[in-house]
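Spelled out, the chains give:
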Amino acid sequence: MKNIKVFFTLFLWLLCLQMVCAQRIEVCKDCGITSLKEAILKAKDYDTILVKKGIYKEYNIQIDKPLTIIGENYPVIDGELKGEIITIVSDYVTVDGLFIINVGTSYTEDYAAIRVKRSKHFEIKNLVLEKLFFGIYLEKAEDGKVHNNKVIGQAIQEHNSGNAIQLWYSKKISIQNNIVQHVRDGIYLEFSDDCIIKNNVSTNNLRYGLHFMFSNNDIYENNEFSKNGAGVAVMFSKKIKMYNNVFKENWGTASYGVLLKEINDAEIIGNTFEENTIGINIEGSNRIVYKNNDFINNGWAIKVRGACYTNQFVGNNFLYNSFDISYNSNINDNVFDRNYWSNYTGYDLDKNGIGDVPYRPVKLFSYIVNRTPETIILLRSLFIDIIDFSEKVSPVFTPDNLMDNNPLIKKIP
Amino acid sequence: MLKILKYSFYDLMRSRWSYVYFAFYLLLGIVLLFLNNDLSKAVITLMNIIIVLVPLIGTIFGVMYYYNSKEFTELLLAQPLNRSSIFLGQYLGVAFSLSMSLILGLGLPFIFYGLFKSNAIWDFSLLIITGTFLTFIFTALAFNIALSNENKIKGFGYAILLWLLLAIIYDGIFLMSLILFEDYPLDKLSLIGTMLNPIDLSRTLILLKLDISALLGYTGAVFKQFFGTNFGLIVSFIMLTLWVIFPVFRIVYKSKRKDF
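Residues numbered from 1 in each chain as written. Chains lettered and ligands numbered in written order. Predicted model: local features only at pLDDT ≥ 70, side-chain atom pairs only at ≥ 80, totals over all residues.

**Some remarks on the overall build of chain A**
We count it as follows: Think of it this way: any DSSP run of H or I at least four residues long counts as a helix, any run of E at least two long counts as a strand, and we number them from the N terminus. Buried residues are those with 20 or more other C-beta atoms within 10 Å of their own C-beta, exposed residues have 12 or fewer, and partly exposed residues lie in between; C-beta atoms are placed from the backbone. What counts as a contact is two residues whose backbone-derived C-beta atoms lie within 7 Å of each other.
Assigned secondary structure in chain A consists of 4 helices and 39 strands. Referenced to the eigenvectors of the C-alpha coordinate spread, the extents of chain A come out at roughly 85 × 55 × 30 Å. Relative to its 413 residues, chain A shows a buried fraction of 43%. Once local pairs closer than 6 in sequence are excluded, the contacts in chain A between residues at least 24 apart make up 45%.

**Overview of the confidence of the model for chain B**
Residues and elements named next belong to chain B. What counts, and what does not: Every residue is assigned a pLDDT by the predictor, reflecting its confidence on a scale from 0 to 100.
When pLDDT is averaged along chain B, the result is 86; 98% of the residues meet or exceed 70. No element of chain B has a lower mean pLDDT than helix α10 (residues 212-215), which averages 73, and none a higher one than helix α7 (residues 152-180), which averages 93. For this predicted complex, the interface score ipTM comes out at 0.85, while the overall pTM is 0.84.

**Overview of the domain arrangement of chain A**
All names here are of chain A. The cut-off we apply is this: An automatic or database domain assignment supplies the residue ranges for each domain. Residues are grouped as follows: Ala, Val, Leu, Ile, Met, Phe, Trp, Tyr, Cys and Pro are nonpolar; Asp, Glu, Lys and Arg are charged; every other residue, Gly included, is polar.
You can read the domains of chain A as domain 1 (21-229) and domain 2 (236-413). Its C-alpha centre places domain 1 at a distance of 39 Å from the equivalent point of domain 2. The set of elements that each furnish at least two residues to the side of domain 1 that touches domain 2 consists of β22 (210-213), β23 (219-221) and β24 (224-226). Across the side of domain 1 that touches domain 2, the residue classes tally to 6 nonpolar, 8 polar and 4 charged.

**A few points about the pairing of strand β37 (residues 323-327) of chain A**
Remember that side chains alternate between the two faces of the sheet whenever the strand is regular. Residues and elements named next belong to chain A. Keep this limit in mind: Strands are treated as partners if at least two bridges between them are detected by DSSP.
The buried fraction of β37 is high, at 5 of 5 residues. Bridging between strand β34 (residues 300-306) and β37 involves 4 bridges; their strand directions are parallel. For Trp300, the partnering residue across the bridge sits in β37 and is Phe323.

**Thoughts on the environment of Phe231 of chain B**
All names here are of chain B. As for its position among the elements, Phe231 is in helix α12 (residues 231-257). Here the alpha-carbon distance between Phe231 and Phe110, two residues 121 residues apart in the chain, equals 29 Å. With residues near it in sequence (within four places) discarded, Phe231 still touches Gln225 and Phe226.

**Focus: the packing of helix α5 (residues 83-113) of chain B against α12 of chain B**
In a pair of packed helices, the angle between the axes and the distance between the axes together describe the arrangement. Residues and elements named next belong to chain B. Rule in force here: In this analysis, axes come from line fits to C-alpha atoms, helices being fitted only over the stretch in contact, and the angle between any two N-to-C directions falls in the range 0 to 180 degrees. Any angle from 65 to 115 degrees is called roughly perpendicular, while one under 35 is roughly parallel, one over 145 is roughly antiparallel, and all others are oblique. Rotating anticlockwise by less than a right angle from the far helix to the near helix defines a left-handed crossing, while the corresponding clockwise rotation defines a right-handed one.
Relative to each other, α5 and α12 sit at 135 degrees, their axes nearing to 9 Å. If you check the angle between α5 and α12, you find them oblique. Relative to α12, α5 is oriented so that their crossing is right-handed. Contact residues: Arg83, Ser84, Phe87, Leu88 and Tyr91 in α5; Ile251, Val252, Ser255 and Lys256 in α12. Taken together, the residues of the contact of α5 with α12 sort by class into 5 nonpolar, 2 polar and 2 charged.

**Description of the interface of chain A and chain B**
Contacts between the two partners involve 28 residues from chain A and, on the opposite side, 29 residues from chain B. Taken together, the residues of the side of chain A that touches chain B sort by class into 12 nonpolar, 12 polar and 4 charged.

**Regarding the packing of α5 of chain B against helix α6 (residues 121-148) of chain B**
Residues and elements named next belong to chain B. Look at α5 against α6: their axes get within 9 Å of each other, and the N-to-C directions meet at 155 degrees. The angle between the axes of α5 and α6 places the two elements in the roughly antiparallel class. Crossing of α5 over α6 shows right-handed handedness. The residues of α6 that touch α5, namely those facing Phe87, Tyr91, Val94, Ala95, Leu98, Ser99, Leu102, Ile103, Leu106, Gly107 and Phe110, are Phe124, Ile128, Gly131, Thr132, Thr135, Phe136, Thr139, Ala140 and Phe143. The residue makeup of the contact of α5 with α6, split by class, is 14 nonpolar, 6 polar and no charged.

**Focus on unusual backbone geometry**
Of note in this structure, Arg118 of chain A is not a glycine but carries a positive phi near 50 degrees. As for its placement among the helices and strands, Arg118 of chain A is situated in the loop between β10 (112-117) and β11 (123-125).

**Here's the deal with the sheet that holds strand β19 (residues 187-190) of chain A**
Residue and element names in this part refer to chain A. Strand order in this open sheet of 12 strands is β4-β7-β10-β13-β16-β19-β22-β25-β28-β31-β34-β37, and the pairing throughout is parallel. Edge strands, defined here as strands with exactly one partner in the open sheet, are β4 (61-63) and β37. The mean angle between the axes of side-by-side strands here comes to 10 degrees, regardless of whether they run parallel or antiparallel. Inspection of the sheet shows strand β13 (residues 134-139) paired to strand β16 (residues 165-168) by 4 bridges, in the parallel sense. Bridged to Ile136 within β16 is Ile165.

**Observations regarding helix α9 (residues 198-210) of chain B**
All names here are of chain B. Condition: Working rule for helices: expected span equals 1.5 Å times residues minus one.
Taking 1.5 Å of rise per residue, 13 residues should cover 18 Å, and α9 covers 18 Å from first to last C-alpha, within 8% of that figure. The element α9 is largely enclosed, with a buried count of 11 among its 13 residues. When we look at burial in α9, the residues that qualify are Pro198, Ile199, Asp200, Leu201, Ser202, Arg203, Thr204, Leu205, Ile206, Leu207 and Leu210. Buried residues along α9 sit against α3 (39-68), α6, α7, α8 (187-195), α10 and α12.

Structure follows, in structure tokens:
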């Protein structure tokens, strides 16, 4: 009985939707309408287009009115490498559940699987994109959602591949639960403010897992970036918040967990940096708070290149990194306090959990390696340990005030 | 040769020093594992110890054994026995007993700790393999020194000097020359420099496992090929084997010509 009741109300509601609110247009091989373009042409504002399972060979589909396009069982939209596939130019558009493949490659135009142009309140979700040039390209868009998409590229060279999710002059976009792999840049933001990037997994990309330039007030949370060509690059931005992300296995000569360049007033809290060649590379970045991060088994946990002032490193775990911190100048204006260093050899006589001897995270050897990179081959040699020790006793080459006065005895959980 | 090997081996097994050596490693393993509670840290500490201590003990023990059993050797030489088999048997006896102390001493605590279930097993077996290689290399070098020097004090002096040279001074000179010639491309030179010293060689081998992320930070095609692929591992092992073979050949050569 109950079931019938529910069904009945649903039916009535659907009927209302059909008659009063919006129409529902079906697209399939045997229906009256066999292509998405035709359906869009026939649809009125706020209609729903239901695309049934099948292969639709179409490109340059322009959505110019507020529509909801839903794919049933992932219908394939095949662009046949001819160009851009879907372009959204209207507000209030939802695209859901399509399988889009074969985006055209061009050296003069950035063809995308789905592009949003100067629109607001759009929703792009549950898409699967393969064989693409650019994936989801947001151009001067606002207040949109990009959720639960899966983008798998096959990028081999940087110059002829595109980015999975690209934002350009966009605002207030939420990018969540996406999986991006094997493209040039996983997620790329340029001039995009107030965005939330959450729970995404970006792996095996050619260049950066996440790349952003000139984008302020953005939040990054619980994302995973691993095995990317150059890790994650954050440049020329203000007031960025990075919480609880994982940066893993970014190996290479110019590969970083995070590359910070000209970043001011950011917060980097609770992140994990594991097995990167360089955990965080800092250049010209000021007033950044690094708190409760874990640096595990990195080549260099933190590499400070220069012009970095009033940064705070508090309560981080530095575990088994080849070098904890590398510093290339003699002046230090940054604060290191209450971190746990696995290389700390001091003692705690008064049992307050804080080591009685300050810890100097910069070793002489890291200074030598900065000068002559080939000497890295002498890492962990007894001779190096001896000169490191003598430098520790009386610092000459490393900044003498760069130390953690309150090194913790136990790892922060 | 096998008989002499067996005799030397049993002789050493009964000796106090083997037990001390064994007990030392056992204690070290237990302390590192059960007081530290952190396998990766333990492996790093062990590496430092193995690279420094194993060569030292190998050289000192080899020289000591040779001089101590000199009278017995002279007795054996009076018998109708092949000279090379006498010295090789003694050498192998020492090397085997030292390696056994090392493997058992470190292996037992790690096995009790649950090595087979942890993923540190590869790091650990690499440590043991390089440790064994170092034992064989430095015992052979010690026998060479002892064969060339009749004078005990001189022999010990040279043995300690050899260890000091390879463990510390070599790296110092190596570092100085790298800094001195920093304007030139140095990646090949640095790799060759590593190959020429067995201690550096085994250190690199372990670095390949522990610090690969740092090693890949250097820009250089040769480095990249060496460290990024299995090539480095294979070449290192071949070089270590060569480091065993050459001193052993010299033992044979020298012992045949020596006038007792």
